[in-house]
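Read off the chains here:
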Amino acid sequence: MRKQEMIEEIQELIAETAALHNLSTEALTGHNRRKGVIWPRFEIMWRARHELNAPLALIGQVLGGRDHTTIMHGIKRYENR
């Protein structure tokens, strides 16, 4: 899968998750750290990594410019929930 296609797939995951949790896509990609936003964001990180096999850096880029270690942490938190 090309990089641009993967970005579009991640953006679709963001839109799906936003609709499912009654959030805006801006809330999920922004820097809000409320509990109601964090867990859906972790879900996006996990799904992007496991369903799309997206690189950590690319997931972070699409989710508002986050570092790859932030994505690793979010995936681990989601798995241990």
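The text that follows walks through the structure, step by step, so that each part is easy to find. Counting restarts for each chain, with residues numbered from 1 along the sequence as it is written. Side-chain atom pairs in this predicted model are given and counted only at pLDDT of 80 or more, local residue features only at pLDDT of at least 70, and totals for whole chains, interfaces and linings cover all residues. With hydrogens and water set aside, each side-chain value is computed from the structure's full complement of heavy atoms.

Let's shift gears to unusual backbone geometry. You will see that Asn22, though not glycine, has its phi angle at about 55°, which is positive. Strands are runs of DSSP state E lasting at least 2 residues, helices are runs of H or I lasting at least 4, and numbering of each runs from the N terminus. Along the polypeptide, Asn22 turns up in the loop between helix H1 (3–20) and helix H2 (25–29). Non-glycine residue Asn53 carries a positive phi angle of around 55°.

Taking 1.5 Å per residue as the helical rise, helix H3 (residues 35–51) with its 17 residues ought to reach 24 Å, and the 24 Å between its terminal C-alpha atoms agrees with that figure. Within the sequence span of H3, burial applies to Val37, Trp39, Pro40, Arg41, Phe42, Glu43, Ile44, Met45, Arg47 and Ala48. Where H3 is buried, its residues touch H1, H2, helix H4 (56–62) and helix H5 (68–79). Just beyond H3, the residue with positive phi is Asn53, at close to 55°. Working rule for helices: expected span equals 1.5 Å times residues minus one. Burial classes follow relative accessibility: with a 1.4 Å probe on protein chains only, a residue under 20% of its type's maximum area counts as buried, one over 50% as exposed, and anything between as partly exposed. Note on contacts: a residue pair qualifies if any of its non-hydrogen atoms lie within 4.5 Å across the two residues.

Take Gly65: it is sitting in the loop between H4 and H5. Separated by 26 residues in the primary sequence, Gly65 and Trp39 place their C-alpha atoms 18 Å from one another.

For the rest of this paragraph, the subject is the side chain of Thr17. For Thr17, the location among the structural elements is in helix H1. Side-chain polar atoms of Thr17 contact the backbone oxygen of Leu13, separated by 2.8 Å. Among all residues touching Thr17, those that are not within four sequence positions of it are Leu28, Pro40, Glu43, Ile44 and Arg47. Throughout this description, a polar contact denotes any pair of N or O atoms lying within 3.5 Å of each other; where both atoms belong to protein, one of them has to be capable of donating a hydrogen while the other can accept it, and for residues adjacent in sequence the pair is counted only when both atoms sit in side chains.

Next up on the list: the packing of H3 against H5. The convention used is that axes are lines fitted to C-alpha atoms, helices contributing only their stretch in contact, and that angles between N-to-C directions extend from 0 to 180 degrees. The interhelical angle for the contact between H3 and H5, taken along N-to-C directions, is 100°, at an axis separation of 8 Å. Between H3 and H5, the angle is such that the two are roughly perpendicular. Facing Trp39, Phe42, Glu43, Met45, Trp46, Arg49 and His50 of H3, the residues of H5 in contact are Thr70, Ile71, Gly74, Ile75, Arg77, Tyr78 and Glu79. When residues are sorted by character, Ala, Val, Leu, Ile, Met, Phe, Trp, Tyr, Cys and Pro go into the nonpolar class, Asp, Glu, Lys and Arg into the charged class, and all the rest, Gly among them, into the polar class. The class makeup of the residues in the contact of H3 with H5 is seven nonpolar, three polar and four charged. Each angle is binned into one of four classes, with values under 35 degrees roughly parallel, values over 145 roughly antiparallel, values of 65 to 115 roughly perpendicular, and all other values oblique.

When a protein is soluble and globular, its nonpolar side chains tend to lie buried together. Throughout, nonpolar core names a set of buried Ala, Val, Leu, Ile, Met, Phe, Trp, Tyr and Cys residues whose side chains join them through atoms within 4.5 Å. Of all hydrophobic cores here, the largest spans 23 residues; its most connected members are Ile10, Ile14, Leu28, Met45, Ile59, Leu63 and Ile71. For this core, the secondary-structure elements that each account for two or more residues are H1, H3, H4 and H5. Look past the residues within four positions of Ile59 in its chain and what remains in contact with it is Ile10, Met45, Ala48, Arg49, Ala54 and Ile71.

Attention now goes to the packing of aromatic side chains. Only Phe, Tyr and Trp rings are paired, with Trp represented by its six-membered ring, and only when their centres lie within 6.5 Å; those with planes under 30 degrees apart are stacked, over 60 edge-to-face, the remainder tilted. The tally for this structure, following the rule as stated, stands at two aromatic pairs. When the centroid spacing of 5.2 Å and the interplanar angle of 90° are considered together, the rings of Trp39 and Phe42 count as edge-to-face. With a gap of three residues between them, Trp39 and Phe42 both fall in helix H3, about one helical turn apart. A residue is classified by how much of its surface remains accessible, and Trp39, at 16% relative accessible area, is buried. Each ring, one from Trp46 and one from Tyr78, has its centre 5.8 Å from the other, and the planes form 40°; the classification is tilted.

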